[in-house]
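Next come the chains, spelled out residue by residue.
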Amino acid sequence: MRLVNTLPLLLSLSAALGSVSAWALPSDREQPIRIQADSAELDDKQGVAVYRGDVVITQGTMKVTGDTVTITQNAQGDVEVFTSVGKPAYYEQLPSADKQIVKAYGLTIQYFMANERVVLIDQAKVIQEGNTFEGEKIVYDTQRQIVNAGRATGTNVTAPRPRIDMVIQPKNKPAEQQAQ
């Protein structure tokens, strides 16, 4: 069961996917993790856990879904990669009480623990407060707070998108400026 206890580390996807601000309520990490699936296969010796069938993982305001979620660990028991695959896989989290939920989609969502990197592959999309960011592949380095988006080279994608597409909503002006 050691593998399941490492999920809080994995599910700190909160800093992931494209915003330089934290994507998680501070209390989320203190909440219990709930995993729902049609089946689970835990291989502690190999360091792999596979959850299948309408998988839903929640912790506080964070939610991850997919058809299959795989978690791998190294020989020391540290989580290496968290992979959610779906049509699409989905991630959401409330960044703070005064913000809207951040939503992210991709046919594959991977979180690499060692270098704190989140990768959305194939039909990748992030929505935050009406702003959208879409492409074949979106990579977010949470340590350096750098987003890279573009072609998913070396990967077969279902909907090729040679260019990224980003929509930024205008900021609301203060009431006194609008009245003028």
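Rules and cut-offs
- Residues numbered from 1 in each chain as written.
- Predicted model: local features only at pLDDT ≥ 70, side-chain atom pairs only at ≥ 80, totals over all residues.
- Heavy atoms only, no water.
- Salt bridge = Lys/Arg side-chain N within 4 Å of Asp/Glu carboxyl O.
- Helix = DSSP H or I, 4+ residues; strand = E, 2+ residues; numbered from the N terminus.
- Buried < 20%, exposed > 50% of the residue type's maximum accessible area, 1.4 Å probe, protein only.
- Pairing = 2+ DSSP bridges.
- pLDDT = per-residue confidence, 0-100.
- Contact = heavy atoms within 4.5 Å.
- Core = buried A, V, L, I, M, F, W, Y, C linked by side-chain atoms within 4.5 Å.
- Patch = residues over 30% accessible without salt bridge, like charges linked within 9 Å, V, L, I, M, F, W, Y side chains within 5 Å.
- Areas by Shrake-Rupley, 256 points an atom, 1.4 Å probe, with all protein chains shown as cover.

### Focus: the pattern of salt bridges
1) Next: What the rule picks out here adds up to one salt bridge.
2) Next: The salt bridge partner of Arg52 is Glu41, with a shortest N-O separation of 3.8 Å. Of the two residues, Arg52 sits in strand 3 (residues 48-59) while Glu41 sits in strand 2 (residues 39-43), which places them 11 residues apart along the sequence.
3) Next: For Glu41, a relative accessible area of 47% puts it in the partly exposed group.

### With respect to the pairing of strand 6 (residues 102-112)
1) Next: Of all 11 residues that make up strand 6, nine are buried, and the element is covered over most of its length.
2) Next: Pairing between strand 6 and strand 7 (residues 117-128): eight bridges, direction antiparallel. By the bridge assignment, Ala104 is partnered in strand 7 with Val126.

### Concerning the confidence of the model for the protein
Detailed reading of the predicted model is not advised wherever pLDDT is low.
1) Next: Residues at a pLDDT of 70 or more form 76% of the protein, whose mean pLDDT is 76.
2) Next: Within the protein, the lowest mean pLDDT, 31, falls on helix 2 (residues 7-10), and the highest, 95, falls on strand 2.
3) Next: Predicted confidence for residues 1-23 stays below pLDDT 50, and this span has 77 contacts to residues more than four positions away or in other chains.

### Notes on the nonpolar core
1) Next: In terms of nonpolar packing, the biggest core is built from 22 residues, with Phe82, Leu120 and Val126 touching the most fellow members.
2) Next: Where this core is concerned, the elements lending two or more residues are strand 3, strand 4 (62-73), strand 5 (79-93), strand 6, strand 7 and strand 8 (131-141).
3) Next: Of all hydrophobic cores here, the second largest spans seven residues; its members include Val81, Phe112, Val139 and Val157.

### Comments concerning the pairing of strand 3
1) Next: Where strand 1 (residues 33-36) meets strand 3, four bridges bridge the pair, whose relative direction is antiparallel. Residue pairing across strands places Arg34 opposite Thr58, the latter belonging to strand 3.
2) Next: Relative to strand 3, strand 2 runs antiparallel, the two sharing five bridges. The residue of strand 3 that forms the bridge with Leu42 is Ala49.
3) Next: Hairpin connection of strand 2 to strand 3: four residues between the antiparallel strands, including Gly47 at a positive phi of 75°.
4) Next: Between the antiparallel neighbours strand 3 and strand 4 lie two residues, among them Gly60 with a positive phi of about 60°.

### A word on a nonpolar patch on the surface
1) Next: Side chains of Ile164, Met166 and Ile168 sit close together on the surface and give an oily, nonpolar patch of about 300 Å² of accessible area.
2) Next: On the secondary structure map, Ile168 appears in the loop between strand 10 (165-167) and helix 3 (175-179).
3) Next: The class of Ile168 is exposed, set by a relative accessible area of 60%.

### Thoughts on the environment of Lys125
1) Next: Following the sequence through the fold, Lys125 ends up in strand 7.
2) Next: Among the residues examined, Lys125 registers a relative accessible area of 25% and is labelled partly exposed.
3) Next: In sequence terms Lys125 and Ala104 are 21 residues apart; their C-alpha atoms lie 5.6 Å from each other.
4) Next: Apart from the residues within four sequence positions on either side, Lys125 is in contact with Lys103, Ala104, Tyr105, Leu120, Thr132, Phe133, Glu134 and Ile138.

### Re the environment of Asp78
1) Next: With respect to the secondary-structure elements, Asp78 resides in the loop between strand 4 and strand 5.
2) Next: A residue is classified by how much of its surface remains accessible, and Asp78, at 44% relative accessible area, is partly exposed.
3) Next: It is 8.7 Å that separates the C-alpha atoms of Asp78 and Met113, two residues lying 35 residues apart in sequence.
4) Next: With near-sequence residues (within four places) excluded, Asp78 lies in contact with Thr72 and Gln73.

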